[in-house]
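Descriptive analysis of the structure
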Amino acid sequence: VKWERDVSGIRPNVLKSWEWNDDATELTAHFQEGIKWSDGEPFTADDYLFWWNEMVLDESIGLATPAGTRVNGEPMKLEKVDDFTVKFAFAASHPLFVDLAARSFYNSAQHLVPAHYLEKFHPKHNSEYPDAKELLARYDNPLKYPDMPVLYAWHTVEYVSGDHITMERNPYFWKVDAQGNQLPYIDRIEGKIVPAGGNASELITLKGIAGELDLQVRDIPLKDVPILKENEDKGNYTVKLWKRGDYA
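Residues numbered from 1 in each chain as written. Predicted model: local features only at pLDDT ≥ 70, side-chain atom pairs only at ≥ 80, totals over all residues. Heavy atoms only, no water.

Looking at the overall build of the protein
When its secondary structure is counted, the protein shows seven helices and eleven strands. Contacts in the protein between residues at least 24 apart in sequence constitute 48% of all its contacts with a sequence separation of at least 6. Summing over all exposed atoms, the protein offers an accessible surface of approximately 14800 Å²; the carbon and sulfur share of this is 50%. Between the mean site of the 27 positive side-chain charges and the mean site of the 40 negative ones, the protein shows a separation of 5 Å. (Helix = DSSP H or I, 4+ residues; strand = E, 2+ residues; numbered from the N terminus. Contact = heavy atoms within 4.5 Å. Areas by Shrake-Rupley, 256 points an atom, 1.4 Å probe, with all protein chains shown as cover. Lys, Arg positive; Asp, Glu negative; His and termini not counted. Charge placed at Lys NZ, Arg CZ, Asp CG, Glu CD.)

Some remarks on the sheet that holds strand β9 (residues 154-160)
Taken in spatial order, the three strands of this open sheet run β9-β10-β11, and their pairing is antiparallel. Where the open sheet ends on each side, the last strands, each with one partner, are β9 and β11 (188-192). Direction aside, the axes of adjacent strands within the sheet are offset by 20° on average. (Pairing = 2+ DSSP bridges. Axes fitted to C-alpha atoms, helices over the stretch in contact; angles between N-to-C directions.)

Details of a negative patch on the surface
Where like charges cluster on the molecular surface, the negative patch consists of D22, D23, E26 and E79. Relative to the helices and strands, E26 resides in strand β4 (residues 26-31). (Patch = residues over 30% accessible without salt bridge, like charges linked within 9 Å, V, L, I, M, F, W, Y side chains within 5 Å. Salt bridge = Lys/Arg side-chain N within 4 Å of Asp/Glu carboxyl O.)

Looking at the sheet that holds strand β8 (residues 85-89)
In sheet architecture, strand pairing relies on hydrogen bonds along the backbone and comes in two forms, parallel and antiparallel. Read across the sheet, four strands follow the order β3-β4-β8-β7 without closing on themselves; strand pairing throughout is antiparallel. Strands at the two margins of the open sheet, each flanked by one partner only, are β3 (15-20) and β7 (77-82). Going from strand to strand, the sheet's axes swing by 20° on average, the running direction of each strand aside. Bridge analysis of β7 against β8 gives five bridges, and the strand direction is antiparallel. By the bridge assignment for β8, K77 is matched with A89.

Here's the deal with the side chain of T25
Relative to the assigned elements, T25 resides in the loop between β3 and β4. Judged by relative accessible area, which is 16%, T25 ranks as buried. Of note is the side chain of T25, whose polar atom sits 2.7 Å from the side chain of D23. If sequence neighbours within four positions are ignored, T25 has contacts with W20, F88, A89, F90, A92 and S93. (Buried < 20%, exposed > 50% of the residue type's maximum accessible area, 1.4 Å probe, protein only. Polar contact = N/O pair within 3.5 Å; in protein donor to acceptor, adjacent residues only side chain to side chain.)

Structural notes on the nonpolar core
Core analysis: the largest hydrophobic core is formed by 41 residues, its most contacted members being F31, Y48, W51, M55 and F88. Sorting elements by how many residues they give to this core places helix α1 (residues 45-56) first, with eight residues. Excluding residues within four positions of it along the chain, F31 makes contact with V14, L15, K16, F43, A45, Y48, F84, V86 and L112. (Core = buried A, V, L, I, M, F, W, Y, C linked by side-chain atoms within 4.5 Å.)

Below is the structure:
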């Protein structure tokens, strides 16, 4: 689910609908049908269940329990109803669970994983991997691995650490615009990676002032916005403050 941009509430996304029981201790959630991962494999409730049962609840993996998934210290319980329906059960009333899921860690898409891919790196499913290092590397940084299926609008085709990332249109992306046009509009994205360090934000701001950025959506501190605004005409760019309801 996602927050509305005006922060007026949440709206469906990969999860299309949900219903609570009377005391908000049980939630029945329905996923969109027909969604595919970028490799063409179908997305189903099993992908979410793999994340919860095989990664979060498996203590050998070492994945932290996300906020909102425990009530009175007890983890939520999941039951697969069918390929696109999951029932959640909580130890006590928990009516804000869906709202919390919309915020998640960074976004709730982090809880949707390609089970058919990640199980190949799970110690329980593949003896070649005695620990969860490779599994978590892919979970934490999916865009660094061109072979990892995603639900995003673009998937990685090349990643060079500290230098650049190249992404292309996900041929199975499931969204269209209001006129019915297939999304995304852009076929290919090439991103330059600025080396991490104390001056990374300063370097990005300087590149902006010089008109060397095509698009930049993060790592510009608010204190630098005035000087960026002052140089808009000179650098031939526009500064926009985005309105969104989750984290920005």
